[in-house]
Amino acid sequence: MKIGIDKIGFYAPHLYVDMNKLAIARDVEPAKFTIGIGQEEMAFAPMTQDTVTLAANAALNILDEADKQKIDFVIFGTETGIDSSKASAVYVHDLLGINPDARSIEMKQACYAATAAIQMAKGHIALNPESKVLVLASDIARYGLRTGGEATQGAGAVAMLISADPKILALEEKSAYHTSDVMDFWRPTYTDKAIVDGKLSNEQYIEFFAKVWEQYKVKTDASFSDFEAICFHLPYTKMGQKALKPLLPETDEVTQNRLLENNEASKTYNKRIGNIYTGSLYLSLLSLLETKEDLEEGARIGLFSYGSGAVGEFFSGILQPGFKGALQPTRHKEILDSRKEIDVAEYEERFNNTLPTDGSTLELEKEDDPSSIYLAGIKDHMRQYVNDNR
Ligand code: COA
C-alpha cells in the first residue's frame, strides 16, 4: 500500500520585514543577509497570530468536509507551542470542526518534530488504511533583536494530509536517522527566545546530513543519481547547499547540476518567509513542487530533516501521477504577494509587545489581519480563538 502526502499547504502571517532594510538598520552589508544567508523577506506574526492560528489557517486551505470526517489523528509539530501541557492540536481540532473521534497530540524535537509526526502518521495509516492523519508544522522563530540569529527568524505553518493512495508524494519505506546530544540550539522553558551556538549548529547540520546519507546508501543501495531533487530543512536558504556541496563529487556532473538547480527552486518560498523551524523542510518541498515546472511524475525526491539538539533523518518519496493538480500555487502566491511590509521600527515595537502572562485580560483588535482564524484576546490565562467561518 502506498502511504504519503495527499494534500499540502502553507500559511504565513500578513506582515513581513525587508531584509535589505533590516541589514541597513543593523549596520550590515545587505548582501550578507540576501546572498550570504539567502533571505529576502522575513515573515512577522502580529499578536493576532500564534502557532495555533497559523497552523489552523494552513489546514483550512487544504481540507474539505470529507477529509475532516476521515481524519482520526491530528499531530502538531512545534518547538514554539503555547502551552507546556495542552496540545496545540486540540485547539486546531476544534477550530476546524474535525471528527471528534480522533487523537490529538503535540510533538517536539526542535525542527525535526514534523518529520517524526509524518513517520508516526505513516504507521497509523498502515494499520488503519481508511483513516487520514492531519500533520501540522507551525512555529514562530524568535532569537531576539540585534542577535546573531535575528536575520534567520520567521513565522508560518505547513499543513499536510497523510493518507493511503496519496495524490502528491508516496513515501518510500526505508529511512535513515541519527540522534546525538548536542547543545547547538535550545530554549529553556523560562524564555521565549532561542539560545543558539550558530557555528556549532551549522557544523552539526552538515555532519548529520553526511551521516544519515551514508546510512541511507547502505540501507537502500541508492546514489545521488537516483534523485531528481533533495529538499533540506532550511533555517536559512543557504544552509541546504552547504551540506550538499561537499558530498557532490561522489556523483556525475549531470546529477550535480540537476541537484543544485533544483536546490534553487526548493528555496523560493523560504526566501520570502524565513525560518519556520519544523515546517521549513516542507515549505521547501512545496517551493520545489510549485515552482519547478518540469518535475515529472515518478521522480524521486529526497528529504533531509534536522532538529538541533539533535536528531536528523533522510527519507524519500515518489511523485504521484497527477500530483500537480493537487497543489495550490496560485493561492500560495497570493498569500505571499498580498502581505504588508512593516519598517524596522514597527517590527521592533511589535517584537517587544507580547501577550500578558499574569492572567490579566487583553482584547486584541484584528486590524488588517486578513486571516479567518485568529486570536481575539486572552482572559484568565486562556487564549480566545475565533474562526470567522463558523
Ligand atoms: N556578501 C555576501 N555574503 C556575505 C557577506 C557579503 N557582504 N558578508 C558575509 N557573507 C556570508 C559569509 O561568507 C557567510 O557565508 P558562508 O556561510 O557560506 O561562509 C554567510 O554570509 C554568513 O556569515 P557569518 O559571518 O557566518 O554570519 P553570522 O556569524 O551572522 O551567523 C548564522 C550566521 C546563520 C550562524 C546565524 O544567523 C545564526 O546563528 N542563526 C541561527 C541558527 C541557525 O540558523 N543554524 C542553522 C542550522 S540549524
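Owing to the predicted nature of the structure, the values given are computational and were not obtained by experimental measurement. Here, residues in each chain are numbered from 1, in the same order as that chain's written sequence. Reporting in this predicted model follows two pLDDT cut-offs: at least 70 for local features of residues, and 80 or more for side-chain atom pairs to be given and counted; totals over whole chains, interfaces and linings ignore these cut-offs and use all residues. Heavy atoms throughout the structure, all of them, feed into the side-chain values; hydrogens and water do not.

Turning our attention to unusual backbone geometry. Cis rather than trans, the peptide bond between Gly 309 and Ala 310 has omega equal to 10 degrees. Within the secondary structure layout, Ala 310 lies in the loop between strand E13 (300–307) and strand E14 (311–319). You will see that Asp 221, though not glycine, has its phi angle at about 65 degrees, which is positive. Mapped onto the fold, Asp 221 is located in the loop between helix H7 (198–220) and strand E12 (229–232). We call a residue buried when its accessible area falls under 20% of the maximum for its residue type, exposed when it is over 50%, and partly exposed in between, using a 1.4 Å probe and counting protein chains only. A relative accessible area of 71% means that Asp 221 is categorised as exposed. The backbone phi angle of Glu 367 is positive, close to 50 degrees, even though this residue is not glycine. Each helix is a run of DSSP H or I of at least 4 residues and each strand a run of E of at least 2, with the numbering of both proceeding from the N terminus. Position of Glu 367 among the secondary structure elements: in the loop between strand E16 (362–363) and strand E17 (373–379).

For the rest of this paragraph, the subject is the UniProt feature "binding site: (3S)-3-hydroxy-3-methylglutaryl-CoA" (unreviewed entry) in the protein chain. UniProt positions are given in the numbering used here, feature names are shortened, and annotations may be inferred rather than shown by experiment. Look at the UniProt record and you will see "binding site: (3S)-3-hydroxy-3-methylglutaryl-CoA" (unreviewed entry) annotated at Tyr 143, Lys 242 and Asn 275. Among the secondary structure elements, Tyr 143 is positioned in the loop between strand E6 (132–141) and strand E7 (154–164). In this description, contact between two residues means that some pair of their heavy atoms is separated by no more than 4.5 Å. Ignoring anything within four residues of it in the chain, the contact list for Tyr 143 reads Gly 149, Glu 150, Thr 152, Gln 153, Phe 185, Lys 193, Ala 194, Val 196, Asn 275 and Tyr 277. Considering the arrangement of structural elements, one finds Lys 242 in helix H8 (residues 239–244). Residue Lys 242 is classed as partly exposed on the basis of its relative accessible area of 33%. If we ignore the near neighbours within four places in the chain, the residues touching Lys 242 are Asn 202, Ile 206 and Tyr 236.

With antiparallel pairing, three strands are arranged side by side in an open sheet as E16-E17-E18. In this open sheet, the two strands that pair with only one neighbour each are E16 and strand E18 (382–387). Here a strand pair is declared whenever DSSP counts at least two bridges between the two strands. In this structure, E17 lies alongside E18, joined through six bridges in antiparallel fashion. Note that in E18 the partner of Ile 373 across the bridge is Asn 387. Against the sheet, helix H3 (residues 51–60) engages E17 and E18, with an angle of about 155 degrees to E17. Axes here refer to lines fitted to C-alpha atoms; in helices the fit is confined to the stretch in contact. Angles between the N-to-C directions go from 0 to 180 degrees.

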